[in-house]
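A structural walkthrough
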Amino acid sequence: MPRVVVDVMPKPEILDPQGKAVLGALPRLGFSGVTDVRQGKRFELELEGEVTEAVLADVHRMAETLLSNPVIEYFTVHVDETVVTA
């Protein structure tokens, strides 16, 4: 079954308090070298049939209308072609 991934992130000019909290916690946990953290959302959509340009256009509309807030977030859409083996 094909899987399409929508990654949603706050726009660069939008304050990200969750990312700042993670950034502050990393050194306290012994991790160094991280200069910035932005926290977002990931949606994995399993779809019926083949992933065509029309299907991807539908996923873009889903992301614009439900999965993201286009005023403060941007999103990317890609097909997950990871092969899982047991």
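This text goes with the structure placed above it.
So, a few notes on the structure that sits alongside this text. (Residues numbered from 1 in each chain as written. Predicted model: local features only at pLDDT ≥ 70, side-chain atom pairs only at ≥ 80, totals over all residues. Heavy atoms only, no water.)

1. Quick word on the side chain of Asp80
- On the secondary structure map, Asp80 appears in strand 3 (residues 73–80).
- Not counting residues up to four positions away in its chain, the partners in contact with Asp80 are Arg3, Val5 and Arg42. (Helix = DSSP H or I, 4+ residues; strand = E, 2+ residues; numbered from the N terminus. Contact = heavy atoms within 4.5 Å.)

2. Some points on the sheet that holds strand 2 (residues 41–46)
- Spatial ordering of the open sheet is given by 2-1-3, a layout of 3 strands whose pairing is antiparallel. Where the open sheet ends on each side, the last strands, each with one partner, are strand 2 and strand 3. Put simply, the sheet's adjacent strands are angled 20° from each other on average, direction ignored.
- Against the sheet, helix 2 (residues 53–67) engages strand 1 (3–10), strand 2 and strand 3, with an angle of about 150° to strand 3. (Pairing = 2+ DSSP bridges. Axes fitted to C-alpha atoms, helices over the stretch in contact; angles between N-to-C directions.)

3. Details of the side chain of Ser68
- Here Ser68 is to be found in the loop between helix 2 and strand 3.
- Here Ser68 falls in the buried class, since its relative accessible area comes to 9%.
- Within the local environment of Ser68, its side chain forms a polar contact with the backbone oxygen of Ala63, the two atoms lying 2.7 Å apart.
- Leave out the neighbours within four places in its chain, and Ser68 touches Val8, Ala63, Glu73 and Phe75. (Buried < 20%, exposed > 50% of the residue type's maximum accessible area, 1.4 Å probe, protein only. Polar contact = N/O pair within 3.5 Å; in protein donor to acceptor, adjacent residues only side chain to side chain.)

4. Focus on the nonpolar core
- Val4, Val6, Val8, Leu45, Leu47, Leu56, Val59, Ala63, Leu67 and Val77 form the largest nonpolar core, which has 10 residues in total.
- Contributions of two or more residues to this core are made by strand 1 and helix 2.
- Looking at this core element by element, the count peaks at 4 residues for helix 2.
- Among all residues touching Val59, those that are not within four sequence positions of it are Val4, Val6, Leu45, Leu47 and Val77. (Core = buried A, V, L, I, M, F, W, Y, C linked by side-chain atoms within 4.5 Å.)

5. A look at helix 2
- Taken together, the buried positions of helix 2 are occupied by Leu56, Val59, Ala63 and Leu67. The buried side chains of helix 2 occupy one side of the element, clustering within an arc of 55° when seen end-on. Exposed positions of helix 2 whose direction lies more than 90 degrees from the buried face are Glu53, Ala54, Thr65 and Leu66.
- On its buried face, helix 2 sits against strand 1, strand 2 and strand 3. (Arc of directions from axis to C-beta.)

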